[in-house]
Amino acid sequence: MKIATWNINSVRLRLNQVLRFIQEQQIDVICLQETKTQDQFFPLEDFKKIGMKYQIFRGEKSYNGVAIISKIPFEVNSYINWCEKSDTRHVSVKLSNKVELHNFYVPAGGDEPDVSKNLKFEHKISFLNEMEEFFSKDVKNNKILVGDLNIAPLENDVWSHKQLLNVVSHTPLETRLLLEIINSGEWVDVMREIIPHEEKLYSWWSYRNRNWEISNRGRRLDHVWVSKNLFSKVKSGVIYKDTRNWERPSDHVPIIIDINI
């Protein structure tokens, strides 16, 4: 089973890119973030035409939005309004093979890494604390968590650890909280188990970098975690950078894992 996660930065604007990616890479389940469209405008029929019949999506106009689109049937689907906000940042399903799949879009957090001065950063920290509490009480097998978590937790998940220590997405508070969620929930960070910590690894490059490949000032904001019992079943994992060169691309690229379940 191939599972992909991708912050698409508007599913309607980049629908053809998503369809192309699913078909070229033979994706079975794709989790999208920042779909940026209300549910009545979600292009569900376009996905059905390529065999992705099973869908759950939650969206709002111009902001946020998450979706799980699958060839594999769902048995259960649900969501949580984290921080008591209805801002469409989470959706989960139980696939017919009994695997529980969570798709997240964690708040970006604004520019100022201070909870007392920046309400957006305070929201992000509260969101992470709620995630830690939830998954520490829900430690069990057969789980996968994916999404744009808006944090690059390790030194080599950013182009410059020293220069970004006070920049939202790589501050000590954020990275500590994300690693606590992994540890307390007994998750495995798939890409960092495959790619050594000493190697640079990114999934996002700012639109401000006109030649993103040459400057290569990226961050690893997108993640795939699996419960410990599933990691031995992961056959491969890749950050698929090709899409960053497509016409009018998202600033994020997809992550694909192939897992034998």
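Just above sits the structure.
This report concerns the structure included in the present document. Owing to the predicted nature of the structure, the values given are computational and were not obtained by experimental measurement.

## Some remarks on the pairing of strand 4 (residues 66-70)
Counting buried positions along strand 4 gives five out of five residues, so the element sits mostly inside the fold. Of the two faces of strand 4, the one lined by Val66, Ile68 and Ser70 and the one lined by Ala67 and Ile69 are each fully buried. As paired elements, strand 2 (residues 29-33) and strand 4 share five bridges and run antiparallel to each other. Looking across to strand 4, one finds that cysteine 31 is bridged to isoleucine 68. In this sheet, strand 4 lies alongside strand 3 (residues 54-58) in antiparallel orientation, the contact comprising five bridges.

## Points about unusual backbone geometry
Not every positive phi belongs to a glycine, and glutamate 34 is a case in point at roughly 50 degrees. The residue glutamate 34 is located in the loop between strand 2 and helix 2 (44-49) in this model. Its identity is not glycine, yet asparagine 150 carries a phi of approximately 55 degrees, on the positive side. Looking at where asparagine 150 falls in the secondary structure, it is placed in the loop between strand 8 (143-148) and helix 4 (161-164). Using a relative accessible area of 9% as the deciding quantity, one classes asparagine 150 as buried.

## Here we look at the sheet that holds strand 6 (residues 90-95)
Taking strand neighbours across the sheet as the criterion, the six strands line up as 5-6-7-8-12-9 in an open arrangement whose pairing is mixed. The strands lining the two open edges of the sheet, one partner per strand, are strand 5 (74-78) and strand 9 (187-189). Looking at each pair of strands side by side, their axes are set apart by 20 degrees on average, direction ignored. Judged from the five bridges that link them, strand 8 and strand 12 (residues 222-227) form a sheet pairing that is antiparallel. Looking across to strand 12, one finds that leucine 145 is bridged to tryptophan 225. Relative to the sheet, helix 3 (residues 119-136) contacts strand 7 (100-105), strand 8 and strand 9, its axis offset from that of strand 7 by approximately 170 degrees.

## Brief notes about helix 5 (residues 172-184)
Compared with an ideal rise of 1.5 Å per residue, which puts 13 residues at 18 Å, helix 5 spans 18 Å between its outermost C-alpha atoms and is within 8% of the ideal. Buried positions along helix 5 lie against helix 3, strand 9 and strand 12. Immediately downstream of helix 5, the backbone of glutamate 186 shows phi near 55 degrees, a positive value.

Parameters at a glance
Going along each chain's sequence as written, the residues are numbered from 1 onward. Since the coordinates come from a predicted model, pLDDT governs what is reported: local features require at least 70, and pairs of side-chain atoms require 80 or more to be given and counted, while whole-chain, interface and lining totals use all residues. Based on all heavy atoms of the structure, the side-chain values leave hydrogens and waters out of the count. Residue burial is assigned from relative accessible area. The probe radius is 1.4 Å, only protein chains are included, and a residue is buried under 20% of its type maximum, exposed over 50%, and partly exposed in between. Helix and strand assignments come from DSSP, with helices taken as H or I runs of at least 4 residues and strands as E runs of at least 2, each series counted from the N terminus. DSSP bridges decide pairing: two strands pair if at least two such bridges lie between them. As a rule, the C-alpha atoms of each element are fitted with a line to give its axis, helices using only the stretch in contact, and angles between N-to-C directions run from 0 to 180 degrees. Residues are treated as being in contact if the distance between any of their heavy atoms lies within 4.5 Å. Helix span is expected to be 1.5 Å times the residue number reduced by one.

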